[in-house]
Amino acid sequence: MDNLNSQYDPKITEEKIYAFWTKKGFFDPDKIKPRPKKNFSIVLPPPNITGSLHMGHALNSVIQDILVRYYRMNGYHTVWLPGTDHGGISAESVVGKKLHKEGINKFELGREKFLEKVWEWREEYGNKILAQLKKIGASCDWSRTAFTMDPGYIKAIDKAFIHFHEKGWVYRAERVVNWCPRCKTSLSDLELEHSEEKSSLWHIKYPLLGDEKKFVVVATTRPETMLGDSAVAVNPKDIRYKDLVGKNLVLPIANRVIPIVADSLVDLEFGTGAVKVTPAHDLTDAEIGRRHNLPVIKVINENARMADDVAVAYRGLKAAEARQMIVEELTAAGLIEKIEPYVHQVPKCYRCNSTIELIPSKQWFVKMEDLSKTAIKAVRSNKVRFHPKRWEKVFFDWQRNTRDWCVSRQLWWGERLPVWFCQKEPDNYVVSAREPKKCPFCKKCAMERSTDVFDTWFSSALWPFASFGWPKAAKDLDNFFPTSVLSTARDIINLWVARMIFCSLELTGKIPFSDVIIHATVLTKDGRRMSKSLGTGIDPLLLIDKYGADGMRFGLAWQITESQDLHFNEDNMLAGKKFCNKLWNASRFALMQLQGAKAREYSADTEPAAAAKDTRLILKKLKKIEKSVSKKIESYAFGAAAKELYEFFWHDFCDIYIEKAKVAIRDAKSPKEADNLRASLIYVLANSLKLLHPFIPFITEEIYSIIPVKNKKPLIVENWPKI
RNA sequence: GGGCGUUUAGCUCAGUGGCAGAGCGUUCCGUUCACAUCGGAAAGGCCAUAGGUUCAAAUCCUAUAACGCCCACCA
């Protein structure tokens, strides 16, 4: 009789079922006949090739898979496109470190050879996360897997840049940028992390020119940058300094004469109200410098050491060393008024954690004014909706006063800017996807392509359409773009989501997706961020090993709420596993009730004509949750949907109905009555399996394949209950 | 400095105007059985604090506190 073993083994079943789905091609919408009319598409936020799976990915994959399976069962032409990101700076840094361990220096190796090594890395580890996602049960269409350095994709990158250039939004300028002295590249503001550091606030006396017994005292956290000061600024409203504005000071040590200027950017309350202006190494100072036409004196170089422009004694010193010498020298000269302890936020590179230097550097920028407006408009008009809605605010706040986007990086790994320089007159350039045949400037030289590459986020900003083939006209683009939903983490709302919105609108004229789900961050039980480097990370594969993919999925799914954080607790996975066990055994029981009856198939589409009160009740409840689970999935309330299903199946169905049916079948007065009860059991079970499938796809598929249901298809492509 | 979030049972969390809930843990009872990964029962909560609105507040409003996160050109 018993077609189901008394023990369910997720390891064996999950592997078998995933292979079955793959072999049948159910993930590929083109293989599903007849072709459904409505489309539903999701692009997987492409993990970068140095990453490996963590609980955040697991959570996000579960969310996306629930949606994709739900819409697939609802008859949508459904695709979930997977892929990876080349991960510019992080890949370069990881491969660099690996080579370093092998005793190979990246710069000695040279660009070409280094890139070969990165490609090797990608071959070996680049699809690691994608392979891991299969274990979770992600129903991605692997035949459409994309990569942000695919030959077609890089055409999209060039095309986008050229488009922005033609719009007049691209410019090249020497600006103060965030510079990582270890990665040797510029970084955008969004690529910084801040950490609090204890430091000092040095109050330094700058003598007044002509009357050197008088001083203006400035407060600074970085005395070494005084070598690059080109003014002292005060607030125009500050009566303390009213008479001094326009007069000059003698900059100690450097012995230069610098003016006192008035600028409203200066805060009256902070320090002494007088600020040293170093246009080369501070953004506010750069702004003040522009307004007052002050010279930019670069005193710190790309290696975070003192530059060649400073006095010989300091040249080549680390900033900290120079600071110490300068403070000593000032102290000896009696020019330090006081030193206060001070705590401030120091910017760090988000990849290598080095302290960022602000230095002037020639970079490429995209003007953000119009693009930001476009993005804001799309969200304000509800064409793009955030879930939960409060994340709109994070988006708006940034977009309202964003600075121009520095898109160039001094890395090797990535698409090089489609910019060609004249070798004779290196300030002249042409923007073109192809190498110009003839230099339009000197008419002679072979033009040289820029050695800068694009910011990784410039390429990932094109993901929802470039992954479907843009800029080429492609069938997939027509079918699946704009996509339906994007599910991602909150920390990349501006880094990534916003940029996809404006790039998409500008380049394709369409929104990239209509709904953005910002999911919770997975924290440890005691509220720390899960991270491998902190040793707080938990590998989802370990949990799959313990609880099965279904158990882990259910455990995650029913914790999904709109609240901000998700304190990870393994008990939930245990609950998930137990639920699967319950499902398994209830199904075994249902099959046992068919014993002794004539073998036949039962309908999962038509409600049995129910006489008994208990049956009517369970059917009514089933109808109710079919509606509410659908509604909850469509509104992304996955946790509530999972809980409702749990409650229904375990309590209404198992604890109550099954117990009553057990007796009723045994005591049935006629074969017809018994058959009706059996039909009801199978009907409720089959429809429960459908409702549960998006959450726990493996075990539901396995059970569904065994129970005697009329006209059934594999559950993954079965029809969702009609509501 | 600005913003956001959280605060409910021992633990992890649901619950947005109508008798305080779940999972795990704890205690007691139960293995003539679908499932001990189970069933039945029980204990356990001034819903952070203080005011307010309301017939009625965990839920709405105001303030406060603790914790967490994000943003920021106070050098």
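(A) Representation of the overall build of chain A in the model. Along its length, chain A carries 21 helices and 25 strands. The principal-axis extent of the C-alpha atoms belonging to chain A is close to 115 × 60 × 55 Å. Within the span of chain A, comprising 723 residues, buried residues form 57% of the whole. Considering only contacts within chain A whose residues lie at least 6 apart along the sequence, 77% involve residues at least 24 apart. Summing over all exposed atoms, chain A offers an accessible surface of approximately 32500 Å²; the carbon and sulfur share of this is 51%.

(B) Highlighting the sheet that holds strand β18 (residues 419-421). Read from one edge to the other, the open sheet built from 3 strands follows the order β19-β18-β20, with strand pairing classed as antiparallel. Each having just a single partner strand, β19 (429-431) and β20 (448-449) make up the two edges of the open sheet. Across 2 bridges, β18 lies against β20 in antiparallel orientation. In the strand pairing of β20, Trp420 is matched with Arg449.

(C) Broad picture of the packing of helix α6 (residues 128-136) against helix α16 (residues 540-557). Running from amino to carboxyl end, α6 crosses α16 at an angle of 55 degrees, the nearest separation of the two axes being 9 Å. Taken together, the axes of α6 and α16 are oblique relative to one another. Residues Gln132, Lys135 and Ile136 of α6 pack against Leu541, Ile544, Ala549, Met552 and Arg553 of α16. A per-class count over the contact of α6 with α16 returns 5 nonpolar, 1 polar and 2 charged.

(D) Structural detail: the pattern of salt bridges. Tallied over the full model, the rule gives 42 salt bridges. Here the salt bridges do not stand alone but share partners, grouping Asp28, Asp30, Lys31, Asp141, Arg144 and Asp476 into one network.

(E) Structural detail: the side chain of Ser408. Take Ser408: it is sitting in strand β17 (residues 408-409). Owing to a relative accessible area of 0%, Ser408 belongs among the buried residues under this scheme. A distance of 2.6 Å separates polar atoms of two side chains, one belonging to Ser408 and the other to Gln363. With residues near it in sequence (within four places) discarded, Ser408 still touches Ser186, Gln363, Trp364, Leu417, Asp452 and Val453.

(F) Representation of the pairing of strand β2 (residues 77-81) within the structure. Within β2, 5 of the 5 residues are buried, leaving the element largely enclosed by the surrounding structure. Covered by surrounding structure in β2 are His77, Val79 and Leu81 together with Thr78 and Trp80, the residues of both alternating faces. Direction of pairing for strand β1 (residues 39-43) relative to β2: parallel, over a ladder of 5 bridges. The residue of β2 that forms the bridge with Phe40 is Thr78. Viewed along the sheet, the connection from β1 through helix α2 (residues 55-73) into β2 turns out right-handed.

(G) Region of the structure containing the domain arrangement of chain A. Along its sequence, chain A is carved into domain 1 (189-357), domain 2 (418-450) and domain 3 (570-717). Each of domain 2 and domain 3 was reduced to a C-alpha centroid, and the two centroids are 70 Å apart.

(H) Representation of the protein's contact with RNA strand B in the model. The environment of RNA strand B is made up of 45 residues, and the closest members are Thr284, Tyr342, Trp398, His567 and Trp650. Considering RNA strand B, the proportion of its atoms within 4 Å of the protein that are sugar or phosphate atoms stands at 69%. Within the backbone of Phe270, a nitrogen or oxygen atom sits 3.2 Å from a base nitrogen of RNA strand B. Arg588 has a polar side-chain atom sitting 3.1 Å from a sugar or linking oxygen of RNA strand B. For the surface near RNA strand B, the leading source of residues is helix α17 (residues 571-592), giving 11 residues. Broken down by class, the residue content of the surface near RNA strand B amounts to 16 nonpolar, 13 polar and 16 charged.

Quick notes on the rules
- Residues numbered from 1 in each chain as written.
- Chains lettered and ligands numbered in written order.
- Predicted model: local features only at pLDDT ≥ 70, side-chain atom pairs only at ≥ 80, totals over all residues.
- Heavy atoms only, no water.
- Helix = DSSP H or I, 4+ residues; strand = E, 2+ residues; numbered from the N terminus.
- Buried < 20%, exposed > 50% of the residue type's maximum accessible area, 1.4 Å probe, protein only.
- Contact = heavy atoms within 4.5 Å.
- Areas by Shrake-Rupley, 256 points an atom, 1.4 Å probe, with all protein chains shown as cover.
- Pairing = 2+ DSSP bridges.
- Axes fitted to C-alpha atoms, helices over the stretch in contact; angles between N-to-C directions.
- Parallel < 35°, antiparallel > 145°, perpendicular 65-115°, else oblique.
- Nonpolar A, V, L, I, M, F, W, Y, C, P; charged D, E, K, R; others polar.
- Salt bridge = Lys/Arg side-chain N within 4 Å of Asp/Glu carboxyl O.
- Polar contact = N/O pair within 3.5 Å; in protein donor to acceptor, adjacent residues only side chain to side chain.
- Right-handed = clockwise from strand over helix to strand, strands pointing away.
- Domains from an automatic or database assignment.
- Near = heavy atom within 4 Å.

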